[in-house]
Amino acid sequence: MSDPKQRRLDTKIVEGGRKPEWTTGIVNPPVWRASTMLFDTVADMEASNPPKHGRLQYGRNGTPTQWALSEALTELEPGAAGTRLFPSGSAAVGIALMSVLSPGDEILMVDSAYAPTRIFCDNVLTPMGITVTYYDPLIGRGIEALIGERTKAIFLESPGSLSFEVQDVPGLCEIARARGLVTLIDNTWATPVLFQALAAGVDIAILAATKYIVGHADAMIGTVTANARWWPKVERTSQVFGQHVGPDDAFLATRGLRTLGVRLRHHQESALKVAHWLQEQPQVSRVLHPALPDCPGHEYWARDFKGASGLFAFELKGGDADARDALIDGLTHFGIGYSWGGFESLATPSDADRLRTATRWQADGPRVRLHIGLEDVDDLIEDLARGLARYGDAA
Ligand SMILES: *Cc1c(COP(=O)(O)O)cnc(C)c1O
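Keep in mind that what you see is a predicted model, and the values were worked out from it rather than measured.

1. Looking at the pattern of salt bridges
- All chains considered together, the criterion is met by 18 salt bridges.
- Between E71 and K19 there is a salt bridge, and its shortest N-O distance comes to 3.6 Å. Here E71, found in helix α4 (residues 64–76), pairs with K19, found in the loop between α1 (9–15) and α2 (20–23); they are 52 residues apart in sequence, far enough to count as distant.
- Two residues, R324 and D351, come together in a salt bridge whose shortest N-O distance is 3.1 Å. Of this pair, R324 sits in helix α13 (residues 321–329) while D351 sits in the loop between β10 (346–349) and β11 (367–371), placing them 27 residues apart in sequence.

2. Let's talk about the site of the ligand
- Close to the ligand lie 13 residues; G89, S90, D186, T210 and K211 are nearest.
- G89 has a polar backbone atom sitting 2.8 Å from an oxygen atom of the ligand.
- Here an oxygen atom of the ligand sits 2.6 Å away from a polar atom, N or O, in the side chain of K211.
- When the free accessible area of the ligand is taken as 380 Å², the share hidden by the protein chains comes to 92%.
- When each cavity is represented as a set of grid points, the ligand is found to reside in the largest pocket.
- Broken down by class, the residue content of the shell around the ligand amounts to four nonpolar, six polar and three charged.

3. Side note on the layout of surface pockets
- By volume, the largest pocket is sized at about 800 Å³.
- Taken together, 34 residues form the lining of the largest pocket, with Y114, P116, L162, Y338 and R369 sitting closest to its centre.
- At the level of elements, α5 (89–100), α6 (115–125), β6 (204–208) and β10 are the ones that each hand at least two residues to the lining of the largest pocket.
- Here the residues of the lining of the largest pocket sort into 17 nonpolar, 11 polar and six charged.

4. Brief notes about empty space enclosed by the protein
- Using the criterion set out here, one finds three cavities of 30 Å³ or more in the structure.
- The space that makes up the largest cavity amounts to roughly 230 Å³.
- If you go around the largest cavity, you meet 18 residues; those closest to its centre are R60, N61, G62, W67 and R84.
- The set of elements that each furnish at least two residues to the lining of the largest cavity consists of α4, β1 (82–86) and α9 (231–240).
- Class assignment of the residues belonging to the lining of the largest cavity gives a composition of five nonpolar, nine polar and four charged.
- The calculated volume of the second largest cavity comes to roughly 50 Å³.
- Lining the second largest cavity are D111, S112, A113, A115, R118, S161, L162, A352, L355 and R356.
- Residue classes in the lining of the second largest cavity are distributed as five nonpolar, two polar and three charged.
- Composition of the lining of the second largest cavity by domain shows at least three residues from each of domain 1 (9–257) and domain 2 (260–394).

5. Regarding the domain arrangement of the chain
- By domain assignment, the chain separates into domain 1 (9–257) and domain 2 (260–394).
- Spacing between the C-alpha centres of domain 1 and domain 2 amounts to 27 Å.
- For the pair domain 1 and domain 2, the two sides together bury roughly 3,400 Å², of which 63% comes from carbon and sulfur.
- Per-residue buried area on domain 1 facing domain 2 is highest for L162, W189 and Y212; these three make up 24% of the total on that side.
- Counting every contact that joins domain 1 to domain 2 gives three salt bridges.

6. A few points about the side chain of R258
- Within the fold, R258 resides in the loop between α10 (247–257) and α11 (260–279).
- Despite its burial, R258 pairs with no opposite charge, the nearest such side chain being E75 at 7.9 Å.
- One polar contact links the side chain of R258 to the main-chain carbonyl oxygen of G16, over a distance of 3.0 Å.
- Setting aside residues no more than four positions away along its own chain, R258 makes contact with I13, V14, E15, G16, R18, N28 and P29.

7. Observations regarding the environment of C295
- Along the polypeptide, C295 turns up in the loop between β8 (284–288) and α12 (298–304).
- Classification of C295 by relative accessible area gives buried; the value is 2%.
- For the pair C295 and V100, spaced 195 residues apart in the sequence, the C-alpha separation amounts to 32 Å.
- Excluding its chain neighbours within four sequence positions, the residues that come into contact with C295 are F164, V287, L288, H289 and P290.

8. Section: α13
- Every buried residue of α13 is accounted for by A323, R324, L327 and I328. Along the axis of α13, the buried positions cluster into a sector of 140°, meaning they face one direction only. What points out from α13, more than 90 degrees from its buried face, is the exposed set D322 and D329.

9. Topic: the packing of α5 against α9
- Running from N to C, α5 and α9 cross one another at 120°; their axes reach a closest spacing of 9 Å. The angle between α5 and α9 falls in the class oblique. The interaxial crossing formed by α5 with α9 has right-handed handedness. The segment α5 lies against α9, with I95, M98 and S99 engaging K233, V234, T237 and S238.

10. A closer look at the sheet that holds strand β2 (residues 106–110)
- The strand order β1-β7-β6-β5-β4-β2-β3 describes an open sheet built from seven strands, whose pairing is mixed. Strands with a single pairing partner mark the edges of an open sheet, and in this sheet they are β1 and β3 (131–135). Strand-to-strand twist in this sheet, taken as the mean axis angle between neighbours without regard to direction, amounts to 20°.
- In the packing of α5 onto the sheet, the strands contacted are β1, β2, β4 (151–157), β5 (182–186), β6 and β7 (222–226), and the crossing angle to β6 comes to about 160°.
- Each of β2, β3 and β4 touches α6; the most contacted strand, β3, lies at about 155° to it.

Conventions and cut-offs
Residues numbered from 1 in each chain as written. Predicted model: local features only at pLDDT ≥ 70, side-chain atom pairs only at ≥ 80, totals over all residues. Heavy atoms only, no water. Salt bridge = Lys/Arg side-chain N within 4 Å of Asp/Glu carboxyl O. Helix = DSSP H or I, 4+ residues; strand = E, 2+ residues; numbered from the N terminus. Near = heavy atom within 4 Å. Polar contact = N/O pair within 3.5 Å; in protein donor to acceptor, adjacent residues only side chain to side chain. Areas by Shrake-Rupley, 256 points an atom, 1.4 Å probe, with all protein chains shown as cover. 1 Å grid on protein atoms, 1.4 Å probe; cavity = no way out; pocket = protein on both sides within 12 Å on 5 of 7 lines; lining within 4 Å. Sits in = over half its atoms within 2 Å of the grid points. Nonpolar A, V, L, I, M, F, W, Y, C, P; charged D, E, K, R; others polar. Points joined across faces, edges and corners; volume = space filled by probe spheres on them. Domains from an automatic or database assignment. Buried area = accessible area lost by both parts, 1.4 Å probe. Buried < 20%, exposed > 50% of the residue type's maximum accessible area, 1.4 Å probe, protein only. Lys, Arg positive; Asp, Glu negative; His and termini not counted. Contact = heavy atoms within 4.5 Å. Arc of directions from axis to C-beta. Axes fitted to C-alpha atoms, helices over the stretch in contact; angles between N-to-C directions. Parallel < 35°, antiparallel > 145°, perpendicular 65-115°, else oblique. Left-handed = near helix turned anticlockwise from the far one by under 90°. Pairing = 2+ DSSP bridges.

Laid out in structure tokens, this is it:
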């Protein structure tokens with residue numbers, strides 16, 4: 001007989017964090033709102049310090065609503081010691097970096113990082129005396145030549161924001177570990193369902209839970225999950241920076257999490273159908289979808305990932321940004337807006353070029369990023385067909 005504690009991923013998604021003392025019989029952990037919590041005596045109050053995960057002490061240190069989400073996410077990352085919650089994905093990135101870096105250190109930062117991550121590096125880390133060196137996401141073993149005396153950390157994001165290069169995460173982590181460096185990854189695109197970062201050798205995994213964990217475009221949360229070596233630093237830094245997520249948002253994220261497995265499978269299936277269709281269209285020069293061979297680093301996706309999510313980009317032939325914008329502006333079923341990972345489809349420009357400093361991006365024409373939602377995929381394809389016809393007229 002198999003061990004009932006050895007649960008598979010979808011079972012963990014459904015059962016994670018549902019401790020009887022937190023749910024008191026309610027299926028999904030309910031909303032516990034609190035700032036002050038009352039103690040019987042002064043001695044009891046003093047004994048509650050330092051605050052501990054899972055023990056009611058003060059609102060900033062959470063209630064069962066936040067703990068349930070943290071525990072469910074920790075369970076999804078084999079090798080994790082704990083998960084902290086943040087008011088946004090960007091807050092999670094910033095505090096994770098502050099947890100591992102001190103003035104005088106150097107960090108190697110992937111050139112395809114999410115733009116606000118770069119902005120944090122250039123506006124907070126650099127003025128603090130931390131050197132930020134950007135590297136090519138496809139650098140591979142070449143990263144060894146960048147590691148110097150002061151290098152402390154390597155930050156990865158795979159696939160990269162806007163450009164979708166998939167990194168050799170296990171390879172980079174192996175080098176980092178041999179040189180005594182800490183590794184962090186922004187794993188928002190895959191979530192632990194499609195890529196288990198800590199098992200691949202990463203020390204600290206960050207999610208913009210705003211995207212697929214919440215999954216309904218109605219709340220913002222960030223998370224940082226760390227292994228035993230780095231967990232105490234991450235926990236302490238987020239406490240001293242007063243990071244906290246309200247119970248209503250934590251509740252929405254936990255509710256979203258329960259359907260993450262099925263949602264991702266549907267996002268994957270529809271996005272692949274759209275991506276394959278786009279490959280056949282005369283106006284399209286290439287499709288940057290990690291599961292397709294045209295995407296740089298596709299071989300690492302094939303080796304390391306359990307599947308693909310619903311976000312990818314395509315590059316148009318010729319034409320200019322105005323023609324591309326006409327394509328997007330006229331779409332009926334795709335919204336235009338920041339973020340992604342909800343149930344709805346989105347289309348936005350996807351020009352990574354102007355942000356990069358370590359690498360140059362060679363493009364045939366303007367690019368469009370799509371988030372493929374849960375609508376009927378044939379409605380989406382027909383909408384894009386009309387958009388490409390507009391582009392053909394405008395280009
Ligand atoms: C959206 C996003 C973030 C930031 O998350 P917010 O909750 O919007 O602050 C970080 N990394 C990636 C890859 C993202 O797409």
